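Geometric and topological summary
Chain by chain, the residues run as shown.
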Amino acid sequence: MSIFEKSWTRAWSGLGLPPDATLFEALLAAYAEPQRHYHCLQHLEECLALFEQVRDLAEHPEEVEIALWFHDAVYDVRGTTNERQSVDWAVRALLSCEASQPTQNRVEQLIMATRHDAAPVDGDERLLVDIDLSILGAAPERFAEYDRQIRAEYSWVPEPVYSMKRKAVLSSFLTRPSIYSTPYFRERLEAQARINLSAAIRP
C-alpha cells in the first residue's frame, strides 16, 4: 500500500466517513497537473510522510490529514484564491459524506492557515503550517531542488522581477523570531532553514 492509500484510508476511517469513490484519484490527478513543479505529488508525499511522524501531536489528526490532502488541491500559478478554492473543494467533499459542521469548519481553518499571511492560531494549525514549511529546513540539495521547482512554476515572470520578489518572500521568514511554531520542528529544522534561506538570498 502506498503512503497515499494508507493516509487516505486512515484519515477517512478515523472520521468514520465514506468519501466519494472518485475523490482519491481526482486529488492525485490534481497534484499531477503539468503547471505544478513544486506543489505536486512530491510535496504531498513529503507532507504526508512527515505527518506520520508527528500524528500524535495533533488534537484532531484526521482533520489535519484531510487538510493536508486538500491544502494545494487547487493550484493556479497565476491565481490568488488557490486556498479558498481548495477549501471549497474540501467542504464539498465533506458535505457529500455528511461530515459534522465542526469538522468542516476546522478543515477550512487549517487549509486557510497555509496562506502563511498570519501566525497560525491553534495547535493543529501550527502543526500543519510547520509541515507545509518543512521544505525550508530540508537538506541543502532538496532545498536547492525546491528553489528550482518554484522558479519553474513562475517561469512566466521576468528574472529581475522574480528575483526581487522571491528574495522578499524568503527574507520575510528570516525576520521572524522563529520560522517554526512547534517545538518539534523548531528543534529539528529551524537552524537548517535559516542556513538555507540565508544562502538563497545572498547576492
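Above this text is the structure in question.
In this report, we go over the structure that sits alongside the text. (Residues numbered from 1 in each chain as written. Predicted model: local features only at pLDDT ≥ 70, side-chain atom pairs only at ≥ 80, totals over all residues. Heavy atoms only, no water.)

Describing unusual backbone geometry
- For Glu 98, which is not glycine, the phi dihedral falls at a positive 65 degrees.
- Counting through the fold element by element, Glu 98 comes out in the loop between α5 (82-96) and α6 (101-113).
- Residue classification places Glu 98 among the exposed residues on the basis of a relative accessible area of 68%.
- Although it is not a glycine, His 116 adopts a positive phi angle of roughly 60 degrees. (Helix = DSSP H or I, 4+ residues; strand = E, 2+ residues; numbered from the N terminus. Buried < 20%, exposed > 50% of the residue type's maximum accessible area, 1.4 Å probe, protein only.)

Notes on the packing of helix α8 (residues 140-153) against helix α10 (residues 183-201)
- Viewed as axis vectors pointing N to C, α8 and α10 meet at an angle of 45 degrees, and their least axial separation amounts to 11 Å. Classified by the angle their axes make, α8 and α10 are oblique. For the element pair α8 and α10, the recorded crossing hand is right-handed. Note on element contacts: α10 touches α8 through Gln 192, Asn 196, Leu 197 and Ala 200, opposite Pro 140, Phe 143 and Asp 147.
- Here the residues of the contact of α8 with α10 sort into four nonpolar, two polar and one charged. (Axes fitted to C-alpha atoms, helices over the stretch in contact; angles between N-to-C directions. Parallel < 35°, antiparallel > 145°, perpendicular 65-115°, else oblique. Left-handed = near helix turned anticlockwise from the far one by under 90°. Contact = heavy atoms within 4.5 Å. Nonpolar A, V, L, I, M, F, W, Y, C, P; charged D, E, K, R; others polar.)

As for helix α2 (residues 23-31)
- All buried positions along α2 are accounted for by Leu 23, Phe 24, Leu 27, Leu 28, Ala 30 and Tyr 31. One face of α2 carries all of its buried residues, which in axial projection span an arc of 155 degrees.
- Contacts from the buried residues of α2 go to α1 (3-15), α3 (41-54), α4 (61-70) and α5. (Arc of directions from axis to C-beta.)

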